[in-house]
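# Examination of the molecular architecture
Single-letter residue listing:
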Amino acid sequence: ILLTGAPKSGKSTLLEELVVGYPNKVGFLTKEIRKDDIRVGFEMILHDGTKTLLSDGDTEDSHKEGKYFVHPQNIDPFLGHLSVPSDKTSLLYIDEIGQMQLFSDLFQKTVLGFFETPNTCVATITSVYEDVFTQSIKNRNDVILVEITPENREDKLEFLKILLKKIDKA
């Protein structure tokens, strides 16, 4: 299941609300780092609480995306803590398949690995950026694409909860 929409549409918030009560889950969220109510970067947080800095505005690096410097060297060791479970009952989740994360080849391999398991995977993907990799993910015939907007977020959350229950029963 791919949650897509514009930045600030509520994709990440919806995903977090969806997985918070899920008993068996493996994946990560991407969260804003804020200082004095100003966004200064992003961090990635695994289901077990492990964190890494994805980007910030201060630490110059060779990879710049918008006003942030992306630290792809942090992504690979972070993903080393992530292993696909052997059971089919764990929900897999990725927040987000986006420009910053895609600087890592291991990230792309992890996304494909998640999508190739028999487990249900829920991921966020922006609607404002597209490349060959993101297009190939969106065009998979086993993907349900769900458009999120600030206006429909709550309705889509309920829809997704019901959908996940039906998938679990199947």
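In what follows, the structure referred to is the one given above.
Described in the following lines is the structure provided in the data block. Each chain carries its own residue numbering, running from 1 in the written order of its sequence. The model is predicted, so local features are restricted to residues of pLDDT at least 70 and side-chain atom pairs to those at 80 or more, both for listing and for counting; the totals for chains, interfaces and linings are taken over all residues. To get the side-chain values, all heavy atoms of the structure are used, and hydrogens and water are removed first.

Now for the layout of surface pockets. Approximately 760 Å³ is the volume found for the largest pocket. If you go around the largest pocket, you meet 28 residues; those closest to its centre are Pro-7, Ser-12, Arg-39, Phe-42 and Glu-96. Looking at the lining of the largest pocket, its residues break down into 8 nonpolar, 10 polar and 10 charged. Computed over the protein atoms alone on a 1 Å grid, cavities are sets of points where a 1.4 Å probe fits but cannot get out and pockets are open sets with protein on both sides within 12 Å along at least five of seven lines; a residue lines them when it has an atom within 4 Å of a point. Grid points are joined across faces, edges and corners, and a volume is the space filled by probe spheres set on the points. Its boundaries defined by the atoms lining it, the second largest pocket holds a volume of some 200 Å³. Along the walls of the second largest pocket sit Ile-1, Phe-114, Phe-115, Thr-117, Pro-118, Asn-119, Thr-120, Cys-121, Asp-142, Val-143, Ile-144 and Ile-167, which together make up its complete lining. Residues are grouped as follows: Ala, Val, Leu, Ile, Met, Phe, Trp, Tyr, Cys and Pro are nonpolar; Asp, Glu, Lys and Arg are charged; all remaining types, including Gly, are polar.

Now for the pairing of strand β2 (residues 25-35). Bridging between β2 and strand β7 (residues 91-97) involves 4 bridges; their strand directions are parallel. Among the inter-strand pairings, Phe-28 is bridged to a residue of β7, identified as Ile-94. Whether two strands pair depends on DSSP finding at least two bridges between them. Each helix is a run of DSSP H or I of at least 4 residues and each strand a run of E of at least 2, with the numbering of both proceeding from the N terminus. Bridging between β2 and strand β3 (residues 38-46) involves 8 bridges; their strand directions are antiparallel. Paired with Ile-33 across the two strands is Gly-41, which belongs to β3.

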